Amino acid sequence: MADQCDLCLLGLIILSSLLTGTSGVDDPHVFISSGENVRLSCNNALSDCKSTTWIYKRYRYSAAVELIDQGIKKKDTERRKSLGSDCSLNIKNVTEEDSGLYTCRQFVNGEKQETDTYVFLHVLHVSVSPSSSSSSSSQTEISPGRSVTLSCQLYSYNRFPCDHLVHSEGLQLLWVNQAGVDLTIDSRYQILFSSDHCNITLTTTLLNEDDNREWRCQLMSCLLLLL
Ligand SMILES: *[C@@H]1O[C@H](CO)[C@@H](O)[C@H](O)[C@H]1NC(C)=O
Ligand SMILES: *[C@@H]1O[C@H](CO)[C@@H](O)[C@H](O)[C@H]1NC(C)=O
């Protein structure tokens, strides 16, 4: 684990505060970093959560899974997921596998109401390679002189793939230092995007002074920042 390394690397994720936790009626897109907790609000909830059903789909063509069925949590639903007192869906310690489409549906006397609401959950996740734990030994030394790659991937429901978000919402992934400065301009770092712009990797050779240094993957929205 990180605390056993010579050098502690941290791929910390911050989101533009303008985007964090947006789950209003007009904006069904919610952006969150893995490891955080999130609340997805149900805008069509009736006074009583006994009518509330939450349905999840990871991908457009994957099977829909009922997480909450008319106010009752399904047996197979993970402990991390629960129904809030306001009928929202709470997810603790979000993982990249929680990304996808969440539908809040109401049933009255067993009859589906017409007012489904949707929330698209996008999860930002950072991974380190070489990883700090390996199967053959209890730890891998990440020491000066070694090259390290930090990958930051935005996981989204595939009806809104990253390239769509990049073009229509002006979203952008960046690697920044502790002071928030974009590292693209620093020749020490090699920064590459995947073709769909969903994965930004930072590669660098570690220096002694990197001990405890923090690199952050930041999700920004150019459009929102103009407001
Ligand atoms: C959060 O999830 C990660 C990955 O699934 C796991 O390794 C970690 O222990 C979890 N943390 C807590 C506080 O449950
Ligand atoms: C992101 O890109 C890097 C470099 O191409 C690759 O090693 C890594 O596996 C990718 N991450 C994901 C989650 O696809």
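This one's a predicted model, so the numbers in the text were calculated from it and none came from an experiment.

**Student:** I'd like a rundown of the confidence of the model for the protein chain, residues and numbers included.
**Tutor:** In this model, the protein chain carries an average pLDDT of 81, and 81% of its residues clear a pLDDT of 70 or more. Contacts for the low-pLDDT stretch residues 1–25, under 50 throughout, to residues beyond four places or in other chains number 73 contacts. Contacts from residues 134–139, a stretch scored under 50 in pLDDT, to residues over four places away or in other chains number four contacts.

**Student:** Summarise the side chain of Thr201; cite the residues concerned and give the values.
**Tutor:** Within the secondary structure, Thr201 is located in strand 15 (residues 199–205). Aside from chain neighbours lying at most four places away, what touches Thr201 is Thr149, Leu150, Ser151, Trp175, Gln190, Ile191 and Leu192.

**Student:** Describe the state of the cysteines, naming the residues involved and giving the relevant values.
**Tutor:** Summed over the entire model, instances satisfying the criterion amount to three disulfides. A sulfur-sulfur separation of 2.0 Å characterises the disulfide bridge that pairs Cys42 with Cys104. Sign of the S-S torsion, about -85° for the bond between Cys42 and Cys104, identifies this disulfide as left-handed. Remark: Cys104 occurs in strand 9 (residues 100–108) and Cys42 occurs in the loop between strand 3 (38–40) and strand 4 (52–57); sequence separation between them is 62 residues.

Conventions used here
Residues numbered from 1 in each chain as written. Chains lettered and ligands numbered in written order. Predicted model: local features only at pLDDT ≥ 70, side-chain atom pairs only at ≥ 80, totals over all residues. Heavy atoms only, no water. pLDDT = per-residue confidence, 0-100. Contact = heavy atoms within 4.5 Å. Helix = DSSP H or I, 4+ residues; strand = E, 2+ residues; numbered from the N terminus. Disulfide = S-S within 2.5 Å.

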